[in-house]
Amino acid sequence: QVHLVQSGGGLVQAGGSLRLSCEASGRYPDYNTGRTFGNFSMGWFRQAPGKEREFVATIIWSGDHTYYTDSVKGRFTISRDNAKNMAWLQMNSLEPEDTADYYCATSLSYGDIRRVAFDYWSQETQVTVSS
């Protein structure tokens, strides 16, 4: 299975920046060889208190395509380095509405942003943006 370790997060004032990192290890179970980091998409979700977990951003396995929820477009950037088994979510111009617990996750899909499309999840990291 895939194991994800997320780091980053914290408290920042509105307008500030934070970067979340997600390191992956292991592989998807596969009949032949198993799929490692370079074979699956990475994504970030967030969950604010009292709200459903929502999609934030995803990047496909090659890094060629990214998708964002409308509220973070132009402010957040998702990236990855397959040689390092790492993905990052750079968050700029943070707003109080970005306050939430953030999760990184893996998916074998191409650009599917539904929560059910993601299989392995990291622990949460808290992001708090003060006004």
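This structure is a prediction, so every number in the text was calculated from the model and none was measured.

Q: Residues and numbers for the environment of Thr36, please.
A: Tracing the backbone shows Thr36 in the loop between β3 (18–26) and β4 (41–47). Residue Thr36 is classed as partly exposed on the basis of its relative accessible area of 29%.

Q: Got a sec to walk through the pattern of salt bridges? Specific residues and values, please.
A: Tallying each qualifying case throughout the model produces six salt bridges. In this structure, Asp98 engages Arg46 in a salt bridge whose closest nitrogen and oxygen atoms are separated by 2.9 Å. Of the two residues, Asp98 sits in the loop between β8 (86–91) and β9 (100–107) while Arg46 sits in strand β4, which places them 52 residues apart along the sequence. The closest approach of N and O atoms between Asp112 and Arg114, which form a salt bridge, is 2.8 Å. A residue is classified by how much of its surface remains accessible, and Asp112, at 21% relative accessible area, is partly exposed. You can call Arg114 exposed: its relative accessible area is 51%.

Q: Before we move on, could you go through the nonpolar core and cite the residues and values that matter?
A: Counting 30 residues, the largest nonpolar core has Met42, Trp44, Val56, Phe76, Leu89, Met91 and Tyr102 as the members making the most contacts within it. For this core, the secondary structure elements donating two or more residues are β1 (2–7), β3, β4, β5 (54–59), β7 (76–81), β8, β9 and β11 (125–130). The element contributing the most residues to this core is β3, with four residues. Ranked by size, the runner-up nonpolar core spans five residues in total, among them Phe55, Ala105, Ala117 and Phe118.

Rules and cut-offs
Residues numbered from 1 in each chain as written. Predicted model: local features only at pLDDT ≥ 70, side-chain atom pairs only at ≥ 80, totals over all residues. Heavy atoms only, no water. Helix = DSSP H or I, 4+ residues; strand = E, 2+ residues; numbered from the N terminus. Buried < 20%, exposed > 50% of the residue type's maximum accessible area, 1.4 Å probe, protein only. Salt bridge = Lys/Arg side-chain N within 4 Å of Asp/Glu carboxyl O. Core = buried A, V, L, I, M, F, W, Y, C linked by side-chain atoms within 4.5 Å.

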